[in-house]
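# Structural overview for review
Listed below, chain by chain, are the residues.
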Amino acid sequence: MPRWVDTREGGEEEVDDESTSEEEDDEEIEDQAVEEDVDVEEEDGEGNVDQNDRAASNAQAGPSGQRGKISISLGKKGLVCHVCGKKGHCAGFVGSVYHDCPFKPCYLCKQAGHTTMTCPFRIAPEHGCRQATGICSDGMLACVRQRELSGRRQDLHIEQNDWLVDAAVLKLHSRRCTCLEFHPTKDNIVVSGDKKGQVAIWDFEKVHERTVHGNMHRALTNNLRFLGPLHDMQCASASSDGLCKVFDVETGFDTVVLNMNPDGWIPGVTNERTWIMLYGLDVCTERQLIIAGDSKGKVYFADARTNKEIAQLQLHKKGNKVNTVHVNPVNCNLMMTGSNDWTARIFDIRNMPSSVGSSSSHASGNGSEDKAMELTCLDHPKVVNAAYFSPRSGSKIMTTCIDNRLRIWDYILSAGGPPDREIVHSHDFNRYLTPFRAEWDPKDTAERTIVVGRYISEDFGGAALHPVDIMDASTGRLLTQLVDANLATICPVNKPHPRMDVIISGSSRSLYAWRPVSEGNEDEAERARVAAEKKGGAAPSSDHFVSYDADDAATEKKKRKAASAAAGNLKDGSPAGKGKGKGKAGPLFAEDDDTPPSKANWKKKKDDNTEGKRKKK
DNA sequence: AAGTAATGAAACC
DNA sequence: TGGTTTCCCTTACT
């Protein structure tokens, strides 16, 4: 049985009882649409039927297969499409299926001439992908042959299991989760950061055990990285408050390594242009370096032993975020960054200019000045959310770009040129959500398995769910899609465990632990599934399900007090009042000085979405 | 149950 | 270069 943790008051009941009559509603809507003379009969994405069916049984089993024809009524005169503004049709959800505006390019691959529903990339995710050389449709024979030829061990690591959420901690954070990191030595521990600057430590085996360091930062915790097995309690963090800290995950005791805004926020003086935020972060254990990227295209190097800044360099175009920093896992001289300037870049740290001070003010040029270190630049057509070396050999490269493509280079040396593969995959949303970042599975010795959340939803037995995809980076093939009826929100943050068959997803304010359904456990999983279905997607068991309303600041304080009184690990429960604390927070800061850059004066345009709204409940 | 705020990139002038 | 507007399947709340 899945283990869900709900520590809010009333725990399970909260999530209970939603949408029991979902199917009837669906039918109603469909019927309606049919009645009102239908011009366009649903283009049915034949190709993905089986894919969906399989996952549908994973999710709300429902009357899965026999989902009747869905129709959209284009004949209605009164309708106005909120996407293109033209009359006579309307984009949006019909039940759990979204229909694109037929006059816009495909939402998935961005090409004109078809909609997402009929997109070749949706029907066959590997469509148009060149396979990596030496990879023959995943046959065992091909793997053996490859192994003999290259002398390297090539595991066939094909995920075929069904996965389900095994444990969850709901509302652990008070804002959306922004990053995740596994503890280097304690297998069951995952550390997560959120949009408010909190850092949480969760034991996904014990489920109820978690610690929240509430005031680690005063703005988004953008990245976390452990200092390594030798300092296994020490974790570094980079935040939009401009701080890079090293903190002890058990005690929460922290040391500031970098402070990009030493004068703080001075009303009337500081503004959004001058405030510096830290984004990308990595730790180089060999060199004892902490490397962080900022919101202005600079990268900072700090000595992890002294916690002092060594250098800062303008490695990317000015004014553009450096979203990720990654030190090559086998060659610590190599570093790669992914940035909002539409590039990923690879650097040789040895070529760092010797005379770089903390007050460097290089000017001129097109913005990215400190070229000495740069080995190559990987151009992209849009923002690069993430750029990572493969975790074992360090010789492959994968980037996540918001043009809805994952790009794979099979060898670093080819990184100057076009990628070996572009995998079309839906992850292009850029507001409201934490940016998607595709991750390598460090367990796969062949360095093929990758994990990435999907933005676009799919109909799983009547529910619109957003799967987490396990894909093969060498073929572009979708190996498995993770869905669970209890997890209906988008999962932008996902990490495969380095040693266990576990994937942790951060979705909204909650964390979820996926596990494959083992053969012996299928019955149990089935029961859990049925239970979940009966309850309308609610918590099957409180042993596996915790919710924790971290929203209200006062409640939070109370809770912390109680926790410290109890002087031990936080135990389940500590019933929190129903979170109402609106948590009036400027975009940048959670508390005090109320002059953070606020965009409250933004004009709002009504986003007339009503007719196409997805029916919930 | 309908409305809305928070939010970020990019196109445009 | 800077300010303004738009956009596209959000989410959690009133």
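Residues numbered from 1 in each chain as written. Chains lettered and ligands numbered in written order. Predicted model: local features only at pLDDT ≥ 70, side-chain atom pairs only at ≥ 80, totals over all residues. Heavy atoms only, no water.

## Observations regarding the overall build of chain A
Across its full length, chain A carries seven helices and 36 strands. Put simply, chain A has 617 residues, and 56% of those count as buried. Taking all contacts inside chain A whose residues are at least 6 apart in sequence as the whole, residues at least 24 apart take part in 59%. With the model as given, the accessible surface of chain A reaches about 27000 Å², and the carbon-plus-sulfur share is 49%. (Helix = DSSP H or I, 4+ residues; strand = E, 2+ residues; numbered from the N terminus. Buried < 20%, exposed > 50% of the residue type's maximum accessible area, 1.4 Å probe, protein only. Contact = heavy atoms within 4.5 Å. Areas by Shrake-Rupley, 256 points an atom, 1.4 Å probe, with all protein chains shown as cover.)

## Digging into the sheet that holds strand β25 (residues 405-409)
Pairing is antiparallel across the open sheet formed by four strands, whose spatial order is β23-β24-β25-β26. This sheet does not close on itself; its edge strands, each paired only once, are β23 (384-389) and β26 (421-424). Averaged over all pairs of adjacent strands, the angle between strand axes in this sheet comes to 15 degrees, irrespective of strand direction. One ladder, built from four bridges, connects β25 with β26; its direction is antiparallel. Counted as the bridge partner of Ile408 is Arg421 from β26. (Pairing = 2+ DSSP bridges. Axes fitted to C-alpha atoms, helices over the stretch in contact; angles between N-to-C directions.)

## Brief notes about the protein's contact with DNA strand C
Residues in close proximity to DNA strand C total 19 residues, the closest being Val83, Ile456, Ser457, Ile490 and Ser508. Within 4 Å of the protein, the contacting atoms of DNA strand C are 54% sugar and phosphate, with bases supplying the remainder. Here a phosphate oxygen of DNA strand C sits 2.9 Å away from a polar atom, N or O, in the side chain of Arg509. Among the residues forming the surface near DNA strand C, the class breakdown is nine nonpolar, four polar and six charged. (Near = heavy atom within 4 Å. Polar contact = N/O pair within 3.5 Å; in protein donor to acceptor, adjacent residues only side chain to side chain. Nonpolar A, V, L, I, M, F, W, Y, C, P; charged D, E, K, R; others polar.)

## Quick look at the packing of aromatic side chains
Scanning the model with the defined rule gives seven aromatic pairs in all. Taking 5.8 Å as the distance between ring centres and 40 degrees as the angle between the ring planes, the aromatic pair formed by Phe429 and Tyr432 counts as tilted. For Tyr432, a relative accessible area of 55% corresponds to the exposed category. Here a set of aromatic residues connected by ring pairs shows up, and it is made of Tyr107, Phe429, Tyr432 and Tyr455. One residue, Lys86, lies across the ring of Phe103, its end atom 4.3 Å from the ring centre. Lying across the ring of Tyr107, Lys110 places its NZ or CZ 4.8 Å from the centre. (Phe/Tyr/Trp six-rings, centres within 6.5 Å; stacked < 30°, edge-to-face > 60°. Lys NZ or Arg CZ within 6 Å of the ring centre and 35° of its normal.)

## Things to note about the pairing of strand β34 (residues 503-507)
Most of β34 is tucked away: five of the five residues are buried. The hairpin turn running from strand β33 (residues 493-496) into β34, its antiparallel successor, is six residues long. Here five bridges tie β34 to strand β35 (residues 510-516), and the two strands are oriented antiparallel to one another. The partner of Gly506 across the bridge, within β35, is Leu511. Taking the residues between adjacent antiparallel strands as the criterion, β34 and β35 are bridged by two residues, where Ser508 takes a positive phi near 55 degrees.

## Structural notes on the pairing of β23
With six of six residues buried, β23 is to be regarded as a mostly interior element. Sheet topology note: the β23/strand β24 (residues 397-401) ladder contains five bridges and is antiparallel. Note on β24: the bridge partner recorded for Ala387 is Thr399.

## Section: the nonpolar core
Here is a general trend for soluble globular proteins: nonpolar side chains tend to be buried in one another's company. Counting residues in each nonpolar core, the largest one holds 20 residues, and the members touching the most others are Leu172, Val190, Trp202, Phe204, Ile504 and Leu511. Elements with a minimum of two residues in this core: β6 (163-170), β7 (177-182), β9 (199-203) and β35. In terms of residues, this core owes the most to one element, β7, which gives three residues. (Core = buried A, V, L, I, M, F, W, Y, C linked by side-chain atoms within 4.5 Å.)

## Focus: the sheet that holds strand β28 (residues 449-453)
Across the sheet, four strands lie side by side as β27-β28-β31-β32; this open sheet has antiparallel pairing. At either margin of the open sheet sits one strand with a lone partner, and together these are β27 (439-440) and β32 (478-482). Of the pairings in the sheet, the one linking β28 to strand β31 (residues 468-472) comprises five bridges and is antiparallel in character. Residue pairing in the sheet places Ile450 in a bridge with Met471 of β31.

## Some details on the environment of Pro184
Mapped onto the elements of the fold, Pro184 is located in the loop between β7 and β8 (189-194). Considering only alpha carbons, one finds Pro184 and Leu227, 43 residues apart in sequence, at a separation of 8.6 Å. Among residues more than four places away in sequence, those in contact with Pro184 are Phe226, Gly228, Pro229, Asp232 and Arg499.

## Quick look at unusual backbone geometry
Even without glycine at this site, Asn307 takes up a positive phi of about 55 degrees. Of note, Asn307 is situated in the loop between β17 (298-303) and β18 (308-314). Using a relative accessible area of 18% as the deciding quantity, one classes Asn307 as buried. Non-glycine residue Asn404 carries a positive phi angle of around 65 degrees. Within the element layout of this structure, Asn404 appears in the loop between β24 and β25. For Asn404, a relative accessible area of 0% translates into the label buried.

## Here's the deal with the confidence of the model for chain A
Summing up the model confidence of chain A, the mean pLDDT is 76 and the portion of residues at 70 or higher is 67%. Confidence drops under pLDDT 50 across residues 358-366; counting only partners more than four residues distant or on other chains, this segment forms eleven contacts. Taken as a whole, residues 552-617 scores under 50 in pLDDT and shows 97 contacts with residues more than four places along the chain or in a different chain. (pLDDT = per-residue confidence, 0-100.)

## Regarding the side chain of Glu374
Relative to the helices and strands, Glu374 is located in strand β22 (residues 374-379). Owing to a relative accessible area of 19%, Glu374 belongs among the buried residues under this scheme. Engagement of the side chain of Glu374 in a polar contact is seen with the side chain of Arg345, the distance being 3.1 Å. Among residues more than four places away in sequence, those in contact with Glu374 are Leu315, Arg345, Ile346 and Phe347.

## Focus: the pattern of salt bridges
Summed over the entire model, instances satisfying the criterion amount to 24 salt bridges. The partner of Asp187 in a salt bridge is Arg499, and the shortest N-O contact between them spans 2.6 Å. Residue Asp187 is located in the loop between β7 and β8, and its partner Arg499 is located in the loop between β33 and β34; the two are separated by 312 residues in the primary sequence. Its relative accessible area of 29% is what places Asp187 among the partly exposed residues. Between Asp303 and Arg305 there is a salt bridge, with the nearest N and O atoms lying 3.2 Å from each other. The exposure class assigned to Arg305 is exposed, which follows from its relative accessible area of 57%. Connected through salt bridges with shared partners, the residues Arg122, Arg454, Glu458 and Asp469 form a single ionic network. (Salt bridge = Lys/Arg side-chain N within 4 Å of Asp/Glu carboxyl O.)

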